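Listed below, chain by chain, are the residues.
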Amino acid sequence: MMEELDELRPPTAWRLLEIWRGTRELAEEPLERALLCNAQVLAESCLRQGKPVFPDGAAVLIGLTAGEMETMLRRLAGEEPSPLSLIHISEPTRRTPIS
C-alpha cells in the first residue's frame, strides 16, 4: 500500500485538533483514541496524484501494519522512522511545566 502513494501532506494544526476532538466520541481509552486519530491523520495525508489513497481511518487500520503507520507518521512529523517505538503524533507532549 505504501508504494501506491506519492505524497504525504501533513494536516494543519487546526485540522489535527478537529480530528483529535472527533475521536473522543469514538473511544474513551487513550491508546485506542490515539490509534484512531493517527489512522484518520494518515487517511487525509496519504495522497496519490492529489487524491486520498484511503477513504477513511478504518481503511488505514485495515490496510496498514502498525509499523507502516509509524513510518508514515514519522515522515509526516519530519523524523526518520525508528524500528522500535510507536509514535502517537496526535498525542501532544509538554516539555515545559505550566506556570
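Within each chain, residues carry numbers counting from 1 in the order of the written sequence. Side-chain atom pairs in this predicted model are given and counted only at pLDDT of 80 or more, local residue features only at pLDDT of at least 70, and totals for whole chains, interfaces and linings cover all residues. Hydrogens and waters are ignored; side-chain quantities use all the structure's heavy atoms.

Asks: A description of the overall build of the protein should follow, citing residues and the corresponding values.
Replies: Scanning the protein from terminus to terminus reveals 4 helices and 3 strands. A run of H or I in DSSP counts as a helix once it spans at least four residues, and a run of E counts as a strand once it spans at least two, with each numbered from the N terminus. Its helices and strands taken in sequence order, the protein reads β-α-α-β-β-α-α from the N to the C terminus. Look at the contacts in the protein between residues 6 or more apart in sequence, and 56% of them connect residues 24 or more apart. Residue-level accessible areas treat just the shown protein chains as cover; the underlying method is Shrake-Rupley with a 1.4 Å probe. Working note: accessible area of the protein is about 6600 Å², and carbon and sulfur atoms make up 54% of it. We call two residues contacting when some pair of their heavy atoms lies within 4.5 Å.

Asks: So what's going on with unusual backbone geometry? Residues and values would help.
Replies: For residues other than glycine, phi is negative in most cases, and the peptide bonds are mostly trans. Positive phi values are uncommon outside glycine, yet Q49 reaches one of about 55°. Along the chain, Q49 turns up in the loop between β2 (46-48) and β3 (51-52). Working definition: with a 1.4 Å probe on protein chains only, accessible area under 20% of the residue-type maximum means buried, over 50% means exposed, and in between means partly exposed. According to the relative accessible area criterion, Q49 is exposed, its value standing at 66%.

Asks: Mind laying out the environment of L17, listing which residues take part and the relevant values?
Replies: The residue L17 is located in helix α1 (residues 13-23) in this model. Given the relative accessible area of 31%, L17 is considered partly exposed. C-alpha separation for the pair L17 and C37, spaced 20 residues apart in sequence, amounts to 9.8 Å.

Asks: Can you break down helix α4 (residues 66-76) residue by residue, with the values?
Replies: Turning to α4, its buried residues are M69, E70, T71, M72, L73, R74 and L76. Buried residues along α4 sit in contact with β1 (7-8), α2 (30-45), β2 and α3 (57-63). Just past α4, the residue G78 takes up positive phi, approximately 80°.

Asks: Can you explain the confidence of the model for the protein? Please cite residues and give values.
Replies: On average, residues of the protein score 82 in pLDDT, and 77% of them reach the 70 mark or higher. Per-residue confidence from the predictor is reported as pLDDT, which spans 0 to 100. The secondary-structure element of the protein with the lowest mean pLDDT is β1, recorded at 88, while α3 shows the highest, at 95. The low-confidence segment residues 82-94, where pLDDT is below 50, has 25 contacts with residues more than four positions distant or belonging to other chains.

Asks: Please provide a residue-by-residue account of the pattern of salt bridges, values included.
Replies: Each salt bridge in this description consists of a side-chain nitrogen of Lys or Arg and a carboxyl oxygen of Asp or Glu lying within 4 Å of one another. Applying the stated rule across the entire model yields 4 salt bridges. For E7, the salt bridge is made with R9, and the minimal N-O distance between the two is 3.1 Å. For the salt bridge of E70 with R74, the shortest nitrogen-to-oxygen distance reads 3.0 Å. Within this pair, E70 and its partner R74 are both found in helix α4, separated by 4 residues, close to a single helical turn. Taken as a pair, E70 and R74 share a single burial class, namely buried. One connected set of salt bridges, linked through shared partners, spans R15, E18 and E44.

Asks: Explain the side chain of R33 residue by residue, including any values.
Replies: Considering the arrangement of structural elements, one finds R33 in helix α2. Contact partners of R33, with chain neighbours within four places excluded, come to W20, T23, R24, A27 and E28.

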